[in-house]
Amino acid sequence: MSLYSKLDQTKIPEHVAVIMDGNGRWAKSKGMPRVYGHREGVKRVREITEVCAKIGVKYLTLYAFSTENWSRPAYEVNALMSLLVSTIDKELKTLMKNNVRLETIGDIEKLPEKSYKSLLKGKDLTKNNDRMALVLALNYSGRWDILNALKKIKNNADIEIIDSEIFSNSLSTASYPDPDLLIRTSGEIRLSNYLLWELAYSELYFTDVKWPDFKEENFYEALLDFQNRDRRFGNVKE
Ligand code: FPP
């Protein structure tokens, strides 16, 4: 029986963030090139996006390419960029059919022109879809975003007092609520410069399962774990 039936429908997280890790190791363990793992990873992106839309998650934010990923071998960077373009081209119809909005955080202008244009097209076409937002973090890092926010604030003469709200509103994630749940696959237990400000009170879920193996049931497992957490936000409960 699917774990889906065990979910408490009143406690579905509004925002789930994911560090999709382990594609390379997954491929290597099968004697295949790393890029094979990324291709299989795209299938999980599709699967988990569909599940999120089905169960009512409103924001799914995926760490697809960090500012540090540029230091990978050129062929891998190129493969990831082409995968991005081909996936968007292939999935646009499905995004439209399922009323899903494609959005990005990160400095996408610095991506190869083809990837950038394809993202702009995808974002523009889906901009009025309101069932769920699929947010891709691309050429993104938490520190990059924090520094950017500081620069924006410094250059805005109207801002006299900086508080938490002003700061949050200056981040690239300004239009999203903070993630309720962060999932990281592949056994690594760290944040790797992801959503550093936004994850302050998120529940963290780490699993040894590598991203290409992280399927619908694994996601439900993470959600069930999340639903059993006692979220206090620094407060006490009577
Ligand atoms: C981490 O695995 C994964 C990435 C750096 C990229 C994730 C990208 C995809 C799943 C495909 C592109 C995404 C979209 C939305 C089209 P890793 O390479 O760090 O694995 P390793 O830790 O085993 O080396």
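Residues numbered from 1 in each chain as written. Predicted model: local features only at pLDDT ≥ 70, side-chain atom pairs only at ≥ 80, totals over all residues. Heavy atoms only, no water.

### Side note on the overall build of the protein chain
Then comes step 1: Counting its secondary structure elements, the protein chain contains 7 helices and 6 strands.
Then comes step 2: In sequence order, the protein chain lays out its α and β elements as β-α-α-β-α-β-α-β-α-α-β-β-α.
Then comes step 3: Across its three principal directions, the C-alpha atoms of the protein chain cover 55 × 50 × 35 Å.
Then comes step 4: Expressed as a percentage of its 238 residues, the buried residues of the protein chain come to 48%.
Then comes step 5: When the 36 basic and 34 acidic side-chain charges of the protein chain are each reduced to a single mean position, those positions are 7 Å apart. (Helix = DSSP H or I, 4+ residues; strand = E, 2+ residues; numbered from the N terminus. Buried < 20%, exposed > 50% of the residue type's maximum accessible area, 1.4 Å probe, protein only. Lys, Arg positive; Asp, Glu negative; His and termini not counted. Charge placed at Lys NZ, Arg CZ, Asp CG, Glu CD.)

### Some details on the pattern of salt bridges
Then comes step 1: Under the criterion given, the structure shown has 21 salt bridges.
Then comes step 2: K110 serves as the salt-bridge partner of D107, at 2.6 Å between the closest nitrogen and oxygen.
Then comes step 3: Residues joined in a network through salt bridges with shared partners are D21, R25, R184, E188 and R190. (Salt bridge = Lys/Arg side-chain N within 4 Å of Asp/Glu carboxyl O.)

### Looking at the sheet that holds strand β2 (residues 59–66)
Then comes step 1: Spatial ordering of the open sheet is given by β3-β4-β2-β1-β5-β6, a layout of 6 strands whose pairing is parallel. With partners counted over all chains shown, the strands left at the sheet margins are β3 (100–105) and β6 (203–206), one partner each. For this sheet, the mean angle separating the axes of adjacent strands, direction not counted, is 20°.
Then comes step 2: By the bridge criterion, 7 bridges tie β2 to strand β4 (residues 132–140) in an arrangement that is parallel. Bridge pairing in β4 links S66 to Y140.
Then comes step 3: Sheet strands in contact with helix α7 (residues 216–227) are β1 (15–19), β5 (181–184) and β6, and its direction is about 140° off that of β5. (Pairing = 2+ DSSP bridges. Axes fitted to C-alpha atoms, helices over the stretch in contact; angles between N-to-C directions. Contact = heavy atoms within 4.5 Å.)

### Some remarks on the site of the ligand
Then comes step 1: The immediate surroundings of the ligand are formed by 18 residues, with D21, G24, R25, R34 and R72 found nearest.
Then comes step 2: In this structure, G22 approaches the ligand through a main-chain N or O atom, which is 3.4 Å from an oxygen atom.
Then comes step 3: R34 is positioned with one of its side-chain polar atoms (N or O) 2.8 Å from an oxygen atom of the ligand.
Then comes step 4: The protein chains hide 91% of the 630 Å² of surface that the ligand would expose on its own.
Then comes step 5: In this structure, the ligand is accommodated by the largest pocket. (Near = heavy atom within 4 Å. Polar contact = N/O pair within 3.5 Å; in protein donor to acceptor, adjacent residues only side chain to side chain. Areas by Shrake-Rupley, 256 points an atom, 1.4 Å probe, with all protein chains shown as cover. 1 Å grid on protein atoms, 1.4 Å probe; cavity = no way out; pocket = protein on both sides within 12 Å on 5 of 7 lines; lining within 4 Å. Sits in = over half its atoms within 2 Å of the grid points.)

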